[in-house]
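# A look at the structure
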Amino acid sequence: MIAIHSDHVVSPKDSGIGYDILSGYIVIEGENIKDVLPSLPDSFDGKVYDFGKSIIMPAIVEPHTHAIFGGDRASEFHMRMQGASYVEIAKAGGGILSTMSKTRQASDEELASLLKKRLDIFLKNGALTVEVKSGYDLTHEGEIRLLKIIRNTGAWHDVDVYATYLGAHAVPKDRDRNDYIEEIVGRTLPEIREKELADFVDVFCDETAYNVSEALKIFTRAKELGFAIKVHAEELKHTGISKEAAKLGALSADHLIKVEREDLTVMKEHGTIPTLLPPTVYLLKEDLTRTLRLLDEIGMPFAMATDFNPGSSPVISTWTMVDIAITRFGIPLERIIPAITIMAARALGLSDRGQVNAGKKAYLIALEVDNLEYLGYLFGVSPVKAVFKGEHIVYEHEDSNVWI
Ligand code: NIG
Ligand code: FE
């Protein structure tokens with residue numbers, strides 16, 4: 001048993017908006033929080049870590065990443081910065097299809113080693129739960145290969161890894177689109193279910209990808225097989241898939257740049273979590289202000305994620321995402337803190353983490369700072385000084401704070 005003391009223990013509220021700050025001791029037994037107490041009883045004989053005024057908060061949950069891929073798209077990035085659009089590049093054969101070729105060429109060992117390094121970086125930035133999507137092979141065997149690598153790498157890493165099948169990420173050039181969709185529903189989904197290779201099924205429903213009826217066909221089959229569903233929705237154009245997927249019980253609808261009020265109200269009714277991906281919005285030179293206003297008006301809590309991928313978001317640090325969310329889109333801390341913890345966990349169907357309460361997982365991070373107002377202000381610097389997974393410190397670095 002151990003205890004962690006801080007005068008600034010931050011715990012997101014159940015509502016998913018706002019957080020409480022308290023002073024006290026978090027008592028940890030095994031993987032879980034046993035108690036949160038104002039003081040320790042004399043009988044406590046475990047190790048006590050005293051973080052003084054430094055913030056302790058739940059570890060980050062990353063509910064949307066594409067962290068398994070070969071190659072990079074740095075040249076495409078510069079084309080976009082010089083004015084080319086994501087859709088133009090995709091239509092010219094770049095985009096997801098160019099990463100597909102690089103991923104197909106990479107060996108299992110290369111992909112596993114890249115994924116491991118990326119998970120290490122997520123961990124250093126305070127994430128103990130990361131979702132990883134397949135989607136850069138786009139063949140039956142290849143997508144299964146990616147999911148196996150995600151499962152195998154996740155099995156021994158300190159980060160809890162959740163796997164999502166995103167075979168419908170783009171339409172492979174060498175396939176007839178209807179044949180490919182038939183293969184997904186008739187062969188790939190059942191095999192993934194049988195081998196338990198994925199926790200979720202996702203579809204990119206948008207311009208350059210799949211339309212609403214194709215997405216619903218895949219989701220209906222996924223539901224029949226017992227998968228939870230997530231959707232890339234309303235990113236490049238409005239399709240209405242967020243509303244339709246919500247009616248099918250989707251766990252989350254992600255992106256939502258072009259979402260409309262009615263989509264959000266249907267999502268609210270069905271408990272579908274909106275997940276915003278600020279780095280992608282920023283790097284696609286799009287805006288989130290309208291979406292944020294609608295979410296505020298409807299009073300909906302939301303999750304956030306980096307969307308780490310080689311194309312639209314080469315951002316792997318949650319804190320860079322937070323910097324963008326605060327400085328570019330003006331998202332307040334009351335929204336940010338729950339969005340990267342309790343709401344991000346809910347976007348993965350998890351209610352066992354993301355808050356500092358008795359009974360929750362003791363997945364906690366200590367920050368170098370004593371005030372959440374440093375977030376965004378630190379711009380480009382991770383505030384994480386230690387990561388606790390239960391009774392164990394799984395990452396620690398020397399305090400390098402230049403402010404206090
Ligand atoms: O979430 N939108 C689809 N998938 C990614 C982009 C993937 C890529 O460009 O390689 C996204 O933005
Ligand atoms: Fe994505």
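Residues numbered from 1 in each chain as written. Chains lettered and ligands numbered in written order. Predicted model: local features only at pLDDT ≥ 70, side-chain atom pairs only at ≥ 80, totals over all residues. Heavy atoms only, no water.

### Overview of the overall build of the protein
In terms of helices and strands, the protein carries 14 helices and 16 strands. Against the 2.2 N^0.38 benchmark of 22 Å for 404 residues, the protein shows a C-alpha radius of gyration of 21 Å, consistent with a compact globule. Here the C-alpha coordinates of the protein stretch approximately 70 × 40 × 40 Å along the principal axes. Taken across its 404 residues, the protein has 59% of its residues classed as buried. By sequence separation, contacts in the protein at least 24 residues apart represent 72% of the contacts at least 6 residues apart. Carbon and sulfur atoms form 49% of the exposed surface of the protein, whose accessible area is close to 15300 Å². Averaging the coordinates of the 44 positive side-chain charges in the protein and doing the same for the 60 negative ones gives two points 4 Å apart. (Helix = DSSP H or I, 4+ residues; strand = E, 2+ residues; numbered from the N terminus. Rg over C-alpha atoms; globule rule 2.2 N^0.38 Å. Buried < 20%, exposed > 50% of the residue type's maximum accessible area, 1.4 Å probe, protein only. Contact = heavy atoms within 4.5 Å. Areas by Shrake-Rupley, 256 points an atom, 1.4 Å probe, with all protein chains shown as cover. Lys, Arg positive; Asp, Glu negative; His and termini not counted. Charge placed at Lys NZ, Arg CZ, Asp CG, Glu CD.)

### Examining the sheet that holds strand β11 (residues 252-255)
The strand order across the open sheet formed by 8 strands is β6-β7-β8-β9-β10-β11-β12-β13, and the pairing between neighbours is parallel. The open sheet terminates on both sides in strands that have one partner only, identified here as β6 (60-62) and β13 (303-304). Examined bridge by bridge, strand β9 (residues 200-204) and strand β10 (residues 228-233) share 5 bridges and lie parallel to one another. Within β10, the residue paired with V201 across the bridge is I229. Sheet contacts for helix α5 (residues 140-156): β7 (127-133) and β8 (160-168); angle to β8, the most-contacted strand, approximately 175°. (Pairing = 2+ DSSP bridges. Axes fitted to C-alpha atoms, helices over the stretch in contact; angles between N-to-C directions.)

### Overview of the pattern of salt bridges
What the rule picks out here adds up to 28 salt bridges. K133 is the partner of E131 in a salt bridge, and the nearest nitrogen-oxygen pair spans 2.8 Å. Each member of the pair, E131 as well as K133, carries the same accessibility label: buried. For the salt bridge of D296 with R335, the shortest nitrogen-to-oxygen distance reads 2.8 Å. Remark: R335 occurs in helix α13 (residues 333-339) and D296 occurs in helix α11 (residues 289-298); sequence separation between them is 39 residues. Taking relative accessible area as the criterion, D296 reaches 51% and is therefore assigned exposed. Put simply, E141, R175, E183 and R187 are held in one network by salt bridges that share partners. (Salt bridge = Lys/Arg side-chain N within 4 Å of Asp/Glu carboxyl O.)

### Points about the pairing of β8
With 9 of 9 residues buried, β8 lies mostly within the body of the structure. Relative to β8, β7 runs parallel, the two being bridged by 5 bridges. Across the sheet, residue V132 finds its bridge partner in β8, namely A163. Bridge count between β8 and β9: 3 bridges; the pairing is parallel. Among the inter-strand pairings, T164 is bridged to a residue of β9, identified as F200. Tracing the backbone out of β8, into helix α6 (residues 177-195) and back to the parallel element β9 gives a crossover that is right-handed. (Right-handed = clockwise from strand over helix to strand, strands pointing away.)

### Considering the domain arrangement of the protein
Accessible area lost upon the coming together of the parts is a frequently used measure of interface size. Split into domains, the protein comes out as domain 1 (2-58 + 355-396) and domain 2 (60-346). Here the C-alpha centroids of domain 1 and domain 2 sit 29 Å apart. The partner domain 2 presents 27 residues to the 29 residues of domain 1 that form the contact. Approximately 2300 Å² of surface area, both sides summed, lies buried where domain 1 meets domain 2, with 71% of it carried by carbon and sulfur atoms. Applying the counting criterion to the domain 1 and domain 2 interface returns 1 salt bridge. Measuring nitrogen to oxygen at the nearest pair gives 3.1 Å for the salt bridge that ties D160 to K389. (Domains from an automatic or database assignment. Buried area = accessible area lost by both parts, 1.4 Å probe.)

### Remarks on the environment of K258
Structurally, K258 can be placed in the loop between β11 and α9 (261-270). Here E286 takes part through its side chain, which lies 3.1 Å from a polar atom of the side chain of K258. (Polar contact = N/O pair within 3.5 Å; in protein donor to acceptor, adjacent residues only side chain to side chain.)

### Some points on the coordination of the iron ion (ligand 2)
Taken together, H64 (NE2), H66 (NE2), H232 (NE2) and D307 (OD) make up the full set of protein donors to the iron ion (ligand 2), lying 2.1 to 2.3 Å away. The motif formed by the donor residues of the iron ion (ligand 2), counted along the single chain, is H-x1-H-x165-H-x74-D. Taken together, the residues span a long stretch of sequence, with H66 in the loop between β6 and α1 (74-81) and D307 in the loop between β13 and α12 (318-327) at a distance of 241 residues. (Donors = N, O, S within 2.8 Å, 3.2 Å for Na, K, Ca; no water.)

### Here's the deal with the environment of P301
Structurally, the position occupied by P301 is in the loop between α11 and β13. Separated by 261 residues in sequence, P301 and L40 place their C-alpha atoms 34 Å apart. Setting aside residues up to four positions removed in sequence, P301 forms contacts with S15, G16, I17, P274, R335 and M343.

### A few points about the packing of aromatic side chains
By the definition in use, this model includes 7 aromatic pairs. Aromatic pair Y49 and F388: ring centres 5.1 Å apart, planes at 80°, arrangement edge-to-face. Of this pair, Y49 sits in strand β4 (residues 47-50) while F388 sits in strand β15 (residues 384-389), and the two are 339 residues apart along the sequence. Three or more aromatic residues joined by ring pairs form one cluster here, namely F69, F122, Y136 and F308. Over the aromatic face of F69 sits the side chain of R118, whose NZ or CZ is 3.8 Å from the ring centroid. The ring of F200 has K230 lying over it, and the distance from NZ or CZ to the ring centre is 5.3 Å. (Phe/Tyr/Trp six-rings, centres within 6.5 Å; stacked < 30°, edge-to-face > 60°. Lys NZ or Arg CZ within 6 Å of the ring centre and 35° of its normal.)

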